[in-house]
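Here's the letter readout for the chains.
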There are 2 protein chains.
Amino acid sequence: MATASETESTYEQFLDHVKRLHYVSDAGGVLQWDQQVMMPSGGTPARAKQSSALSTLHHDLLTDDQLGEWLDELEDADLDPEQEAVVREVRRDHERAVKVPADLVERISEASSNALPVWEEAKAEDDFEMYADTLEEMVELRREYAEAIDPDRDPYEVLFEEYEPYLGIDTAEDVLTQLRDELVPLVDDVADSDVTLADPFEGTYDEDDQHALVEEALDTLGYDWDHGRLDTAPHPFSTGTQFDARVTTRFKPDDPMDAIGSTIHEFGHATYTLGLPQEAYGTPLGDNRDLSVHESQSRFWENHIGRSQPFWDLFTDTANEHLGIDATPREFYEAANEVYEDNLIRVEADELTYHMHIVLRFEIERDLIRGDLAVEDVPEVWNDKMEEYLGVRPDTDAEGCLQDIHWTNGALGYFPTYTLGSVLAAQLDHHLREDVGDVDSLVREGDFDPIHDWLTENVHRHGARYETDDLVQEATGESFTADYFLDYADAKYRDLYDC
Amino acid sequence: MATASETESTYEQFLDHVKRLHYVSDAGGVLQWDQQVMMPSGGTPARAKQSSALSTLHHDLLTDDQLGEWLDELEDADLDPEQEAVVREVRRDHERAVKVPADLVERISEASSNALPVWEEAKAEDDFEMYADTLEEMVELRREYAEAIDPDRDPYEVLFEEYEPYLGIDTAEDVLTQLRDELVPLVDDVADSDVTLADPFEGTYDEDDQHALVEEALDTLGYDWDHGRLDTAPHPFSTGTQFDARVTTRFKPDDPMDAIGSTIHEFGHATYTLGLPQEAYGTPLGDNRDLSVHESQSRFWENHIGRSQPFWDLFTDTANEHLGIDATPREFYEAANEVYEDNLIRVEADELTYHMHIVLRFEIERDLIRGDLAVEDVPEVWNDKMEEYLGVRPDTDAEGCLQDIHWTNGALGYFPTYTLGSVLAAQLDHHLREDVGDVDSLVREGDFDPIHDWLTENVHRHGARYETDDLVQEATGESFTADYFLDYADAKYRDLYDC
């Protein structure tokens, strides 16, 4: 066994390497932000080469034999719990990268680039046939990828762990099934309700006015402009580090709630990133836990704050002023929570039915990867499930199974994290209220500091130190559970729709 | 000797490596652009680490032993002239990088970071004493750097070649001496002239109006917005690739000519970058020749176009409209070319006296590096030379030897390239007019295509294929010479100032 000082020296070299990996990855993040927000269209060929060079360097650093040797040595050494967590996280990334042959990574990347225009055209032409071979190829490549990582496990499970490494596919499946079973009747009741929620919007709203409004929303919620910025992007996202976490949003002329919701959602992501410990930047202790937890932060702010009555009690005057309307807080609240009847598109869905969109995608992609569903049958299965879970049947595949970009990108296994994030947001919200007290009053007064403090203390500051469920335990004193979300959704929508 | 197919295979591997190097460097350029234009202030610590990680990776790739072996093999092989040029350029960068010990690179980088706040404070406090040790350290480090590269040559020559590798220090020194000898009497005559040039500006001008105006200037000159963008930065610069070459500018409320000049200058740089061959991106054949040539392109557009009477014949209506004034083309022309009496600051200098600022800096930095001047004597020597060359003596070091950031950055040997660029601009301008014909009429008509075409054909498309003087030969049929610049300056200023 190594002496303490040998271990210390190894750990330092190891950590330098890990940090360099992380910095290169974050540099790649800056290139991507620029590409989506700032880059002129003609820049694509050069940017593709720059990004790919950084990916290759990142991959080389991650699969470095020396890193493997350090990991072996450190796993046998006497480390403190934080060091152990760092070793655990890096080991996981290293192993997965080492196991996947470079040429497979290349083939997936190429297939994904080639798939994009095919998907775009198929969607524009509403022609699933055109896309079927492309999807087939991606499913096969991803199956191959999963087998490279672990040939003895369910390939969908392995892929899911790419996005949520620790919660386990069983938990995900249980939660999604529970939501399907309990929410479908609620969705039915809402559909049968005679209540029509208020819609205070008419005509179109200037992009400049909407921009000023969402800026005010960020101000109100406490976004730190010294460590962030707001821009527009076709598909809103947030990216960055604990020193610089940026938000993007988009504007629909006739629907200002879309920009407000997107902005607050991305603000939630950025707030998580900004809450990570600065001194641990470049290591897993300064990095976010994976996608479910990230999504819990965006959903907490988007739904539990931004779609709450207290928030609109606070923010209505500001919104009225910028939009030139005269709506009541209740009207904004209702508009923020309307369940549309013609509910075909996931990204336009409300907080309740959203999860049925996810359950459907989860079931289909799982069965595709497991070989239990043929690609050619996707459109029909999709439409059947839409009818079963949401009571609507798409007329076209463009509004059906061609609507999302995820599979085209090769992201099979990603969708469940959206719902797991919402579920966790409700669980955190419950415990926040227990610990902090009258959160509604704080929101009404615009006093968000105690909320930020609670989230930072219980979630953000831990970085990736804990595995997902341990982090949930640390924050809430209990395991991950969908119970709070189900109670919350039931109470909120039965009240709104009087059903 | 290797067979043709062995050589081809080596060359391909070599070129892949070279491209990767280049892509990483350009990724670093994106990070720097973002830092200066977009990044919130709090982002600095993370960005420093990201940029430094890319620099380290770049340095590792450049000093790679394998690269040295490929170079050895290719230098013995039968290559075509383009391949030979690529090998020549990469060899040069590789050799310099290999010769300089990593710890010296590190020490210079650290010294430069540490020097920045010292320089800023010394400048703010007008206290050269405070800065003297810092400058001394930088001079010593740079001398050490030059000795590492070649202990047998004049260290200033070696440093100068960092920025202009091929023109030779003797040419630079001859040109700067010739300019000093011939322009000082002209500057004296201008100073003695009774002529006062027009100044059509009064009060202040909105930043938005100035922004719209310089955008129109870029439109007018033919900037390709699909491959570029315009932003503001405290110190205007241009950066990018032949696919995406961006311009930055700045706005002074009371001096719209400053923004116009800066914008057109950076446009010139961007235009050079955009003229590099796209298919050679990532290799020296798709990369710019060094700083003198780059500066020749910015100065050509800034001075020979933007400060010309024909340009103001074309652009006056637009400028009047955006600025809400009613000046004549002649008034704009005069305002663009005024020689200020109190001519202390290089970056505010006119096209004529600018070079006296450069000569002075060149002489001082050369003597510092050669050990012929002590740091403590810099302020007095500076002020004496200001009096001799420009007829003014700074009252403070803040307006004297503390005004520029270059030495603080460790950039000793850089200044001469500014003047060499202007000199080359005049030489190119002369031959452009010989080849294309009535350039003044083209400018008056806003027909810039023939000018772009000539510059692309004769300068841009060659990338770094030729050494500097060979490129000048290729473009003009003769060696680099200051004669055209001197004739041009003499004619222009004697006419303007009737002297």
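Residues numbered from 1 in each chain as written. Chains lettered and ligands numbered in written order. Predicted model: local features only at pLDDT ≥ 70, side-chain atom pairs only at ≥ 80, totals over all residues. Heavy atoms only, no water.

In the annotation of an unreviewed UniProt entry, chain A is listed under the name Metal-dependent carboxypeptidase and assigned to Haloarcula pellucida. As recorded by UniProt, the Catalytic activity (unreviewed entry) comment attached to chain A reads in full: "Release of a C-terminal amino acid with broad specificity, except for -Pro." The record held by UniProt for chain A lists under Function (unreviewed entry) the comment "Broad specificity carboxypetidase that releases amino acids sequentially from the C-terminus, including neutral, aromatic, polar and basic residues." (UniProt positions renumbered as here; feature names shortened; annotations may be inferred.)

A.B. asks: How would you sum up helix 3 (residues 65-75) of chain A? Please name residues and give values.
C.D. replies: Residues and elements named next belong to chain A. Residues Leu67, Gly68, Trp70, Leu71 and Leu74 constitute the buried set of helix 3. Down the axis of helix 3, the buried side of the element spans an arc of 160°, and every buried residue falls inside it. Next to the buried residues of helix 3 lie helix 1 (4-37), helix 2 (44-63) and helix 4 (81-99). Two or three places before Gln66, at the opening of helix 3, Asp64 has a side-chain oxygen 3.0 Å from that residue's backbone nitrogen. (Buried < 20%, exposed > 50% of the residue type's maximum accessible area, 1.4 Å probe, protein only. Helix = DSSP H or I, 4+ residues; strand = E, 2+ residues; numbered from the N terminus. Arc of directions from axis to C-beta. Contact = heavy atoms within 4.5 Å. Polar contact = N/O pair within 3.5 Å; in protein donor to acceptor, adjacent residues only side chain to side chain.)

A.B. asks: Break down the packing of helix 5 (residues 102-125) of chain B against helix 6 (residues 128-149) of chain B for me, with residues and values.
C.D. replies: Residues and elements named next belong to chain B. Contact geometry of helix 5 with helix 6 gives a least axis separation of 9 Å together with a crossing angle of 155°. Comparing their axes, helix 6 and helix 5 come out roughly antiparallel. Seen along the crossing, helix 5 lies across helix 6 with a hand that is left-handed. Across from Leu104, Arg107, Ile108, Ala111, Ser112, Ala115, Val118, Trp119, Glu121, Ala122 and Glu125 in helix 5, the residues of helix 6 making contact are Met130, Tyr131, Thr134, Glu137, Met138, Leu141, Arg142, Glu144 and Tyr145. (Axes fitted to C-alpha atoms, helices over the stretch in contact; angles between N-to-C directions. Parallel < 35°, antiparallel > 145°, perpendicular 65-115°, else oblique. Left-handed = near helix turned anticlockwise from the far one by under 90°.)

A.B. asks: Requested: an account of the pairing of strand 3 (residues 244-249) of chain A, with residues and values cited.
C.D. replies: All names here are of chain A. Burial analysis of strand 3 places six of its six residues in the buried class, the great majority of the element. Burial along strand 3 is two-sided: Asp244, Arg246 and Thr248 facing one way and Ala245, Val247 and Thr249 facing the other are all buried. Bridge count for strand 1 (residues 230-232) against strand 3 is three bridges, and the pairing is parallel. If you follow Leu230 over to strand 3, its bridge partner there is Val247. As defined by bridge partners, strand 2 (residues 238-241) adjoins strand 3 across four bridges and the pair is classed as antiparallel. Bridge pairing in strand 3 links Ser238 to Val247. Remark: two residues form the turn of the hairpin made by strand 2 and strand 3, two consecutive strands paired antiparallel. (Pairing = 2+ DSSP bridges.)

A.B. asks: Any details on the relation of the copies chain A and chain B? Residues and values, ideally.
C.D. replies: Expressed as a screw operation, the relation of chain A to chain B combines 0.1 Å of axial shift with a rotation of 180°, fitting to an RMSD of 0.1 Å. Those values place the two copies in the arrangement expected of a two-fold rotation axis. Both copies contact each other with a shared surface, as 100% of the interface residues of chain A are interface residues in chain B too. (Least-squares fit on C-alpha atoms with pLDDT ≥ 70 in both.)

A.B. asks: Break down the UniProt feature "active site" (unreviewed entry) in chain A for me, citing the residues and quoting the values.
C.D. replies: Residue and element names in this part refer to chain A. UniProt's feature table lists "active site" (unreviewed entry) at Glu266, given in the numbering used throughout. Along the chain, Glu266 turns up in helix 10 (residues 256-275). Each residue touching Glu266, except ones within four places of it in the same chain, is listed here: Pro236, Phe237, Ser238, Val247 and Thr248.

A.B. asks: Before we move on, can you summarise a negative patch on the surface with the specific residues and values?
C.D. replies: Residue and element names in this part refer to chain B. A contiguous patch of negative charge, built from Glu129, Asp133, Glu136, Glu137, Glu140, Glu376, Asp377 and Glu380, is present on the exposed surface. With five residues, helix 6 is the single largest residue contributor to the negative patch. Position of Glu140 among the secondary structure elements: in helix 6. Glu140 sits in the partly exposed class, given a relative accessible area of 42%. (Patch = residues over 30% accessible without salt bridge, like charges linked within 9 Å, V, L, I, M, F, W, Y side chains within 5 Å. Areas by Shrake-Rupley, 256 points an atom, 1.4 Å probe, with all protein chains shown as cover. Salt bridge = Lys/Arg side-chain N within 4 Å of Asp/Glu carboxyl O. Lys, Arg positive; Asp, Glu negative; His and termini not counted. Charge placed at Lys NZ, Arg CZ, Asp CG, Glu CD.)

A.B. asks: Which residues make up the side chain of Thr263 of chain A, and what values go with them?
C.D. replies: Tracing the backbone shows Thr263 of chain A in helix 10. In terms of polar contacts, Thr263 of chain A uses its side chain to reach the backbone carbonyl oxygen of Ala259 of chain A, at 2.5 Å.

A.B. asks: Give me the interface of chain A and chain B: which residues, what numbers.
C.D. replies: Facing 36 residues of chain A, the contacting portion of chain B comprises 36 residues. Each partner contributes to the roughly 2900 Å² buried at the junction of chain A and chain B, and carbon and sulfur atoms together form 68% of this total. At the boundary of chain A with chain B, the tally comes to six salt bridges. One salt bridge in this structure joins Arg47 of chain B and Asp244 of chain A, with 4.0 Å as the shortest N-O distance. Between chain A and chain B we count twelve residue pairs in polar contact (both at pLDDT 80 or more) in total. Contributions of two or more residues to the side of chain A that touches chain B are made by helix 1, helix 2 and strand 3 of chain A. If one sorts the elements of the side of chain A that touches chain B by residue count, helix 2 of chain A sits on top with eleven residues. In terms of residue class, the side of chain A that touches chain B is built from 18 nonpolar, eight polar and ten charged. (Buried area = accessible area lost by both parts, 1.4 Å probe. Nonpolar A, V, L, I, M, F, W, Y, C, P; charged D, E, K, R; others polar.)

A.B. asks: I'd like to hear about the UniProt feature "binding site: Zn(2+)" (unreviewed entry) in chain A, residue by residue, with values.
C.D. replies: Residues and elements named next belong to chain A. When the UniProt feature table is mapped to this numbering, "binding site: Zn(2+)" (unreviewed entry) covers His265, His269 and Glu295. In three dimensions, the annotated residues from a span of 31 residues occupy one location, with a maximal C-alpha spread of 8.8 Å. Position of His265 among the secondary structure elements: in helix 10. If we skip the residues at most four places from it in the chain, His265 touches Glu295, Ser298, Arg299 and Glu302.

A.B. asks: Can you tell me about the pattern of salt bridges, naming the residues and giving the values?
C.D. replies: Inspection of every chain in the model, using the stated rule, returns 88 salt bridges over all chains. A salt bridge links Glu162 of chain B to Arg96 of chain B, with the shortest nitrogen-to-oxygen separation between them at 2.5 Å. Of this pair, Glu162 of chain B sits in helix 7 (residues 155-163) while Arg96 of chain B sits in helix 4 (residues 81-99); the two residues are 66 residues apart in sequence, bridging distant segments of the chain. What makes Glu162 of chain B partly exposed here is its relative accessible area of 27%. One salt-bridge network, held together by shared partners, links Asp154, Glu173, Arg366, Asp367 and Arg370 of chain A.

A.B. asks: Could you give an account of the sheet that holds strand 2 (residues 238-241) of chain B, with specific residues and numbers?
C.D. replies: Remark on secondary structure: sheet strands pair via backbone hydrogen bonds, oriented parallel or antiparallel. Residue and element names in this part refer to chain B. One open sheet holds the three strands; their spatial order is 1-3-2, and the pairing between them is mixed. Of all the strands in the sheet, the pair left with one neighbour each is strand 1 (230-232) and strand 2. Ignoring which end each strand starts from, the neighbouring axes of this sheet average 25° apart. Packed onto the sheet, helix 9 (residues 207-221) meets strand 1 and strand 3 (244-249) and runs at close to 145° relative to strand 1.

A.B. asks: I'd like a description of the packing of helix 14 (residues 354-370) of chain A against helix 16 (residues 416-436) of chain A, backed by residues and values.
C.D. replies: Residues and elements named next belong to chain A. With their axes 8 Å apart at the nearest point, helix 14 and helix 16 run at an angle of 140° to one another. As judged from the angle between their axes, helix 14 and helix 16 are oblique. Our pair here, helix 14 against helix 16, has a crossing hand that is left-handed. Here Tyr354, His355, Ile358, Phe362 and Glu365 of helix 14 come into contact with helix 16, specifically with Pro416, Tyr418, Thr419 and Ser422.

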